[in-house]
Every structure is written in structure tokens, then in C-alpha cells.
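So the chains spell out like this:
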Amino acid sequence: MIKVTTLINLLKKNGIDFYTGVPDSILKELSFSLQSKNKKKHIIATNEGSAVSIGIGHYLSTKKLPAIYMQNSGLSNALNPLISIAHKKVYSIPLILIIGWRGSPRIKDEPQHNVKGKITKQILKLLNIKYTVLRSTSDLNKFHKQIKVAKKDKSIVACLIEQGTLEKNKKIKAKKNFYNLDKEFFLKNLLKNIKNQTKIISSTGYNSRELMYIKDKYKFKNSKDFYMVGGMGHTSSVALGYSLFNKKKIICIDGDGSLIMHLGSIKTAGTFANKNFKYILLNNNTHDSVGGQSTYTNNIDFEKLSKSLGFKKFHSIKSKKNLNQNIKKFLYEKNLGFLEVQVSKSKIKKLPRPTDLIKIKNEFMS
Ligand SMILES: Cc1ncc(C[n+]2csc(CCOP(=O)(O)OP(=O)(O)O)c2C)c(N)n1
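Residues numbered from 1 in each chain as written. Predicted model: local features only at pLDDT ≥ 70, side-chain atom pairs only at ≥ 80, totals over all residues. Heavy atoms only, no water.

Colleague: For this particular structure, what's the right way to read the pattern of salt bridges?
Modeller: Pairs can form between side chains of opposite charge once their charged atoms are near each other. For the structure on display, the rule yields 13 salt bridges. In this structure, arginine 102 engages aspartate 109 in a salt bridge whose closest nitrogen and oxygen atoms are separated by 2.8 Å. An identical accessibility class is assigned to arginine 102 and aspartate 109; each is buried. For arginine 135, the salt bridge is made with glutamate 162, and the minimal N-O distance between the two is 2.7 Å. Taken together, the residues arginine 135 in the loop between β5 (130–134) and α6 (139–153) and glutamate 162 in the loop between β6 (156–161) and α7 (183–192) connect sequence positions 27 residues apart. Owing to a relative accessible area of 29%, arginine 135 belongs among the partly exposed residues under this scheme. Take glutamate 162: its relative accessible area is 4%, and that puts it in the buried class. (Salt bridge = Lys/Arg side-chain N within 4 Å of Asp/Glu carboxyl O. Buried < 20%, exposed > 50% of the residue type's maximum accessible area, 1.4 Å probe, protein only. Helix = DSSP H or I, 4+ residues; strand = E, 2+ residues; numbered from the N terminus.)

Structure follows, in C-alpha cells:
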């Protein structure tokens, strides 16, 4: 195990004190430690490509290396600026990557993580990025040497961190709820109000897992769901693609972190979606499922945003008051609508995980 402060101090010793990244559950201890940092020294980015790019900008202005953290699933989002800007044979910009290694072959994980976990090292090798798997404090020495070379050669260096490597800091408590409406209560009432055979596409994070849990708990059988177990930020695009050649209603349940990861997609939906596309944003202002880091979405005016992007109607739900009426109004109006629901973080202790993905797909398509 490694103390996060040991890693942070190693980077500090090398003149690295600027962090940017997208939260990951493996790296949540790092996120917690960075919480207290000066806001300019720790930027939570909306996607990993942006994080790499912010880091590139930091180097251009300060000549100092940035530390960029991400889950390995986001490494693919990062590839474009890593290859086309920062790569040694392009602009040769030195960067430090801290990568949460989901699906490492040593650790049992979900199908989508196993696929990426297996090829993560190979991706780094293809990019000529030197890396160290950090498992114990002694691995930090190797990483330290690689950082020195990266500084000298102006190259990119990475460390891979598996689940359970970073020691828990018991003193740090997760942030409180930003909004109050109980998410389970909302989802239960949503499911109560949909017609039989309604199709739902839900985002990665807790939304899909909560949907599964609630359907099972209350024995709801009226929807067919497609759970986005990965592809964070692409929920609305999958729902749009589905809705275009299908007259049936499609409900898209998205998270705030997921929405802002590829915010441009909601513009495409606003431009091209038909009235059967029903977009619901479950906004808890956090990346709840990976540690509760802020998404900073609380100050977005979603009414102005959605209307300027082509949605005809905006609905907002903030409390239990008239909940069923408000849900029905949104679901059954004949307009392209956007619903923002301001919800609490998940309160359910043990959420299920979608595992039999081919069965889920086949049932959804039937
Ligand atoms: C490309 C990518 N980057 C990062 C992650 C890690 N990740 C999983 S869920 C999640 C947060 C999603 O936030 P939100 O959509 O608000 O849902 P919530 O966690 O609040 O349920 C993150 C960052 C991921 N799965 N994929």
C-alpha cells in the first residue's frame, strides 16, 4: 500500500504541484487529498482529453510538468492530445500521468474494465510512454527515476495504480448532499409512470445500477433497459441513435458528470432528436459513484442551456411536491423536452452491477 501523501511529496520534490484530471474510484484518495488545494492548482476536468490539454497548457506557460490523473477507461479520451500534441515526435511536451488501473489482470473486475485493463500497458507501450506499476513504496523509486528522465527528455511518463493500493485516509469525509430529493424515490415514481415496454438507456455511474436495483426491489417489469456500463458521456448519443429510427418513446437517464463529459452531444440531440426522445438529467452535482467529487454543474442554467441547444421544453423537479404530475407532464407532452431532476447522492448501500451484458442487449432489442 502507498500513502497518497508519499506520492504527492515525490511529485512535489520534482517541482510538480499542478493537478488536473477526471475522478476515478481507485484514485479517490488522491482526489480527497487535492480537495484542500488552491483551486487554481487542482482542476477537475470534464474529460481526460481536456485534462491532458490543460496540462499541456500549464507546461507551455510555466515550463513545469503537470500531473494528470484519470481512470484507464479515460485513457482513450486522452489519446488524441497525447498523440497529436504532446508526443515526443510532435511537440514533445513532458507530462506525468497517474492512471487508475481498473481491470488489471490481477484483480477481478467487471467485463468492460477487464477488456481495457488487459490492454492498458500495451496502449502505453504503443505510445512509447514509460510507466511504473505502483504497488508499494519501493516502486516509487523507479517512478522517481522515470520522472527525472521525462523532465530531461521532455517525454511523457505514467504510473498505474490498482484498486486498493492507495491507503485510506479515515479523517476525510465525503461531501454532503448538494440537493435533497431522494434519487430512489424519484426513479421509483418514474418507473411507476411509464407504459409497458418503454425503453430506457441509462448512464454509467450509479444511475444504471440504481435502476437495476429499484426494478428488482419493486418488481417493475414495464421497461427494457440498456445500461451504459462504460462509454461515459455517450448516453444521449446512444439514445439519439436509437430514437431516430424508432417511433417508440426512449427515455435517456443521464448523470451530470456524464452529460458534461461530452456536452456537445446534447447539442446534436437538440438539433436532430424527435419528440420521442425524452432526456432526463439526474443532477447531484457530483461524480457520486467514484467518490463524490464536484462536477460544478450546480451553477449551470439548464433551462437556458437546453433551450438554446434546440430543446423545446424545459422541466425541473426539485422536490416530492406534485412529483407524479410533473413526471407525467414531461413524459407525455408532444415536444422535445429536457428534464433536470435535482437529486441527492445515492443512499443505497449495496448496488448490483450489470454483468450479463449480451442478455441485457438482447432483451433490450427484443
Ligand atoms: C471515460 C471515463 N472516465 C472516467 C470514468 C470513471 N467514472 C465512472 S462513473 C463516473 C462519474 C459519473 O458521474 P455522474 O454521471 O454524475 O454519475 P454519478 O456518479 O453521480 O452516479 C466516473 C468519473 C469512466 N467510467 N469513464
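Moving on, there is more to tell.
Colleague: Would you mind showing me how to read the site of the ligand here?
Modeller: Every one of the 20 residues lining the ligand counts as a neighbour, but Glu48, Asp256, Gly257, Ser258 and Ser289 are closest to it. A distance of 3.1 Å separates an oxygen atom of the ligand from a polar side-chain atom of asparagine 284. Contact with the protein chains removes 95% of the 580 Å² of surface that the ligand exposes when unbound. Taken together, the elements giving at least two residues each to the shell around the ligand come down to α10 (256–261) and β11 (286–287). The element contributing the most residues to the shell around the ligand is α10, with 4 residues. Counted by class, the shell around the ligand contains 5 nonpolar, 12 polar and 3 charged residues. (Near = heavy atom within 4 Å. Polar contact = N/O pair within 3.5 Å; in protein donor to acceptor, adjacent residues only side chain to side chain. Areas by Shrake-Rupley, 256 points an atom, 1.4 Å probe, with all protein chains shown as cover. Nonpolar A, V, L, I, M, F, W, Y, C, P; charged D, E, K, R; others polar.)

By themselves, these figures tell us nothing about what the structure is for.
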